[in-house]
Amino acid sequence: MEIKDIEFLDNHNRENILNIKLLNHSLEKKNIAHAFLFSGTNSDGLLNIALLLSCGIFCNDGGCLRCKVCKNVLNLKHADLFLLKPSGASLSAEEFRKDFEQKINKKATNSLHRITIIQECETMTAGIADRFLKILEDPPGEDLIFILLSENLGAIRKTIKSRCQVLNWHFNSDFSSEYTFKLEEAASGTEVLLMKIISRKADIEDVLDFSSGIDEMINKLSVEMNERHKKEISFIKKSGMDEEYISRLLKDAEESHKREKKKFSNLIIAHVFDIISAYVEDIMVIMSGFGDKFLNRKNNYEVIYKNYCDNMKDNRISRFNDIQSKIALNRKSLTENINYEIALDRILAELVFA
Ligand SMILES: [Zn+2]
């Protein structure tokens with residue numbers, strides 16, 4: 001296995017280099033662990049590593065990536081390689097029994113090993129994890145190798161982890177960093193607008209520009225997700241598994257894609273609401289006569305005091321209270337399909353005129 005062959009992997013990371021050395025050493029000595037657990041933040045990258053390791057195990061030339069065996073592995077067509085992926089939110093008992101337990105009880109065709117790769121293994125329900133643990137403890141064949149993949153190592157049972165060779169992988173570019181970048185972009189845009197609002201320099205145009213900017217950002221994110229999704233779909237179609245199974249996988253991929261899209265846009269909007277709420281709270285704190293000790297953002301004190309505390313009318317605090325409740329309500333309703341662009345416009349416009 002060569003580090004450069006692995007998609008998205010950080011070639012200079014010491015843990016990655018060490019992992020590759022370890023795996024190559026066990027391939028050379030033909031002393032392969034019965035169970036691996038690969039963790040990292042890029043699920044495509046993790047699958048890629050698992051497939052390269054499988055090539056190394058099946059190929060007579062140590063994983064040349066050119067022979068028929070290697071090609072079959074990489075295209076998920078190898079008869080003794082099985083990929084198990086959760087459909088919907090978790091790995092269901094039915095697919096575990098049908099697709100997995102049945103297959104591992106069959107004899108290998110003509111290889112020395114049978115490999116099962118389990119993606120998103122942290123989504124196993126408790127019942128499945130129990131059954132899987134029994135299989136790990138007492139495998140139905142000496143030739144079985146399991147490669148578990150997970151983006152969330154913390155969610156995996158200790159009893160399962162302790163039976164696997166656990167390797168953490170570090171990726172260069174992955175979607176979570178793309179998403180973190182967008183989140184930071186949204187946050188800094190929100191701070192800029194709010195600063196303008198509390199300086200009394202913002203008007204309704206600024207608010208409309210801001211919310212359409214956020215909307216655009218979320219749309220871009222979903223275009224990127226669609227691209228990833230398409231790659232996943234073509235990967236599934238090329239897998240050579242039976243049609244019924246493929247059509248179910250395609251349906252599941254569609255559903256998990258929708259869920260993921262909604263999850264990321266909700267996280268961004270919730271974050272924006274939280275920042276607005278922190279500013280509104282600061283306004284109320286200063287209006288109530290407290291000092292900068294109690295502020296979410298200490299630097300807000302001067303600006304807010306100057307712009308909100310001269311000629312204070314009695315009922316003004318209650319207006320901010322109203323805004324605060326609207327933010328809370330909208331934030332809670334994010335899981336229902338509220339139009340967040342309109343919600344942002346309304347709340348921010350009220351804040352501009354408050
Ligand atoms: Zn080969």
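In what follows, the structure referred to is the one given above.
Structural notes, computed from the coordinates. (Residues numbered from 1 in each chain as written. Predicted model: local features only at pLDDT ≥ 70, side-chain atom pairs only at ≥ 80, totals over all residues. Heavy atoms only, no water.)

1. With respect to the coordination of the zinc ion
Six octahedral donors around a metal ideally subtend angles of 90 or 180 degrees, whereas four tetrahedral donors ideally subtend 109.5 degrees. What counts here: Each metal's donors are the N, O and S atoms found within 2.8 Å of it, except that Na, K and Ca use a 3.2 Å limit; water is left out, so coordination can look incomplete. Irregular is the label for any site that misses the other tests, which are tetrahedral for four donors with all angles between 85 and 135 degrees, and square planar for four donors or octahedral for six when opposite donors exceed 155 degrees and the remaining angles lie between 65 and 115. Only protein chains enter the area calculation, which uses a 1.4 Å probe; residues under 20% of their type maximum are buried, those over 50% are exposed, and those in between are partly exposed.
Around the zinc ion, the protein contributes the donor atoms C59 (SG), C64 (SG), C67 (SG) and C70 (SG), which lie 2.3 to 2.4 Å from the metal centre. Geometry at the zinc ion is tetrahedral, judged from the four donor atoms that bind it and their angles of 99 to 118 degrees at the metal. Counting residues between consecutive donors of the zinc ion along the chain gives the motif C-x4-C-x2-C-x2-C. For C67, a relative accessible area of 25% translates into the label partly exposed. With a relative accessible area of 0%, C70 lands in the buried category.

2. A few points about empty space enclosed by the protein
The criterion, for reference: Of the two site types, the cavity is a set of points on a 1 Å grid over the protein atoms alone where a 1.4 Å probe fits but cannot get out, and the pocket is an open set with protein on both sides within 12 Å along at least five of seven lines, each lined by residues with an atom within 4 Å of a point. Grid points are joined across faces, edges and corners, and a volume is the space filled by probe spheres set on the points. Numbering of helices and strands starts at the N terminus; helices are DSSP runs of H or I of at least 4 residues and strands are runs of E of at least 2. Polarity classes work like this: nonpolar for Ala, Val, Leu, Ile, Met, Phe, Trp, Tyr, Cys and Pro, charged for Asp, Glu, Lys and Arg, and polar for all others, with Gly in that last group.
If you walk through the whole model with that rule in mind, you get one cavity of 30 Å³ or more. Each pocket or cavity is described by its volume, and for the largest cavity that value is around 30 Å³. Taken together, S43, L46, Q119, E120, L149, S150 and E151 make up the full set of residues lining the largest cavity. Contributing elements (two or more residues each) for the lining of the largest cavity: helix 2 (43-58) and strand 4 (144-150). Residues that form the lining of the largest cavity fall into these classes: two nonpolar, three polar and two charged.

3. Here we look at helix 10 (residues 300-308)
Note the cut-off: For this quantity, the arc is that covered by the directions from the helix axis to the C-beta atoms.
Inspection of helix 10 places N300, V303, I304 and Y308 among the buried residues, and these make up the whole buried set. Summarising the axial view, the buried residues of helix 10 lie within an arc of 95 degrees, below the 170-degree limit, and thus occupy one face. Exposed side chains of helix 10 directed beyond 90 degrees from the buried face belong to E302 and K306.

4. A word on unusual backbone geometry
Unusually for a residue other than glycine, L76 sits at a positive phi of about 55 degrees. Examined against the element boundaries, L76 turns out to sit in the loop between helix 3 (68-74) and strand 2 (81-84). The buried category is assigned to L76, whose relative accessible area is 9%. Within the chain, R200 stands out as a residue other than glycine whose phi angle is a positive 60 degrees.

5. Focus: the packing of helix 9 (residues 243-287) against helix 10
Just so we agree on the cut-off: A fitted line through C-alpha atoms serves as each axis, taken over the contacting stretch for helices, and the angle formed by two N-to-C directions is quoted from 0 to 180°. Each angle receives one of four descriptions, namely roughly parallel if under 35 degrees, roughly antiparallel if over 145, roughly perpendicular if within 65 to 115, and oblique otherwise. The hand of a helix crossing depends on one turn: near helix anticlockwise from the far one by less than a right angle means left-handed, and clockwise means right-handed. Working rule for contacts: check all heavy atoms of both residues, and any pair within 4.5 Å makes them a contact.
Running from amino to carboxyl end, helix 9 crosses helix 10 at an angle of 65 degrees, the nearest separation of the two axes being 10 Å. When the axes of helix 9 and helix 10 are compared, the pair comes out roughly perpendicular. For helix 9 against helix 10, the interelement crossing comes out right-handed. Between helix 9, through Y279, D282, I283, I286 and M287, and helix 10, the contact on the second element is made entirely by N300, Y301, I304, Y305 and Y308. Its residues assigned to classes, the contact of helix 9 with helix 10 shows eight nonpolar, one polar and one charged.

6. Points about the environment of N13
So the rule is basically this: Two N or O atoms form a polar contact when they lie within 3.5 Å of each other; inside protein one atom must be a possible hydrogen donor and the other a possible acceptor, and for residues adjacent in sequence the pair counts only when both atoms belong to side chains.
Tracing the backbone through its elements, the reader meets N13 in the segment before helix 1 (14-28). A sequence separation of 115 residues divides N13 from I128, and the C-alpha atoms of the two residues are 34 Å apart. A distance of 3.0 Å separates a polar side-chain atom of N13 from the backbone nitrogen of N16.

7. Observations concerning helix 2
Stated formally: A helix is expected to span 1.5 Å multiplied by its residue count minus one.
With 16 residues, helix 2 extends 22 Å between its outermost C-alpha atoms, agreeing within 8% with the 22 Å of an ideal straight helix rising 1.5 Å per residue. Helix 2 sits mainly inside the fold: 14 of its 16 residues count as buried.

8. Considering the pattern of salt bridges
Just so we agree on the cut-off: Within this document, salt bridges are pairs made up of a side-chain nitrogen of Lys or Arg and a carboxyl oxygen of Asp or Glu, the two lying within 4 Å of each other.
Taken as a whole and judged by the stated rule, the model has 10 salt bridges. Linking D130 and R157 is a salt bridge whose minimum nitrogen-to-oxygen distance equals 2.8 Å. With D130 in helix 5 (residues 126-137) and R157 in the loop between strand 4 and helix 6 (158-161), this pair connects stretches of sequence that are 27 residues apart. Judged by relative accessible area, D130 falls into the partly exposed class, the value being 37%. Residue R157 is classed as partly exposed on the basis of its relative accessible area of 29%. In this structure, the salt-bridge partner of R331 is D274, at a minimum N-O distance of 2.6 Å. One end of the pair, R331, is in helix 11 (residues 316-332); the other, D274, is in helix 9, and 57 residues separate them in sequence.

9. Remarks on a nonpolar patch on the surface
Stated formally: Residues enter patches when they are more than 30% accessible in relative terms and free of salt bridges; like-charged ones are connected within 9 Å and nonpolar ones (Val, Leu, Ile, Met, Phe, Trp, Tyr) within 5 Å. Accessible surface area values rest on a Shrake-Rupley calculation with a 1.4 Å probe, where residue burial reflects the displayed protein chains alone.
Together, I204, L208 and F353 line one region of the surface with nonpolar side chains, adding up to about 280 Å² of accessible area. Locating L208 in the fold gives a position in helix 8 (residues 204-237).

10. What to know about the side chain of N300
Summarising the element assignment, N300 is placed in helix 10. Separated by 3.1 Å, the side chains of N300 and D282 make a polar contact. Filtering out sequence-adjacent residues up to four positions away, N300 remains in contact with M195, I198, Y279, D282 and I286.

11. Here we look at the nonpolar core
Going by this rule: Working definition of a nonpolar core: buried Ala, Val, Leu, Ile, Met, Phe, Trp, Tyr and Cys residues. They are joined through side-chain atoms within 4.5 Å.
Of all hydrophobic cores here, the largest spans 48 residues; its most connected members are I197, F273, I276, F320 and L351. Of all the secondary-structure elements, those providing two or more residues to this core are helix 7 (175-198), helix 8, helix 9, helix 10, helix 11 and helix 12 (340-353). Aside from chain neighbours lying at most four places away, what touches I276 is T190, L194, I327, L344, I347, L348 and L351. One finds C59, L76, L81 and W169 within the second-largest nonpolar core, a separate group that totals 35 residues.

12. Some details on the environment of E254
Topologically, E254 is positioned in helix 9. The sequence separation of E254 and A270 amounts to 16 residues, and the corresponding C-alpha distance is 24 Å.

It is worth stressing that arrangement in space is one thing and function is another; only the former is reported here.
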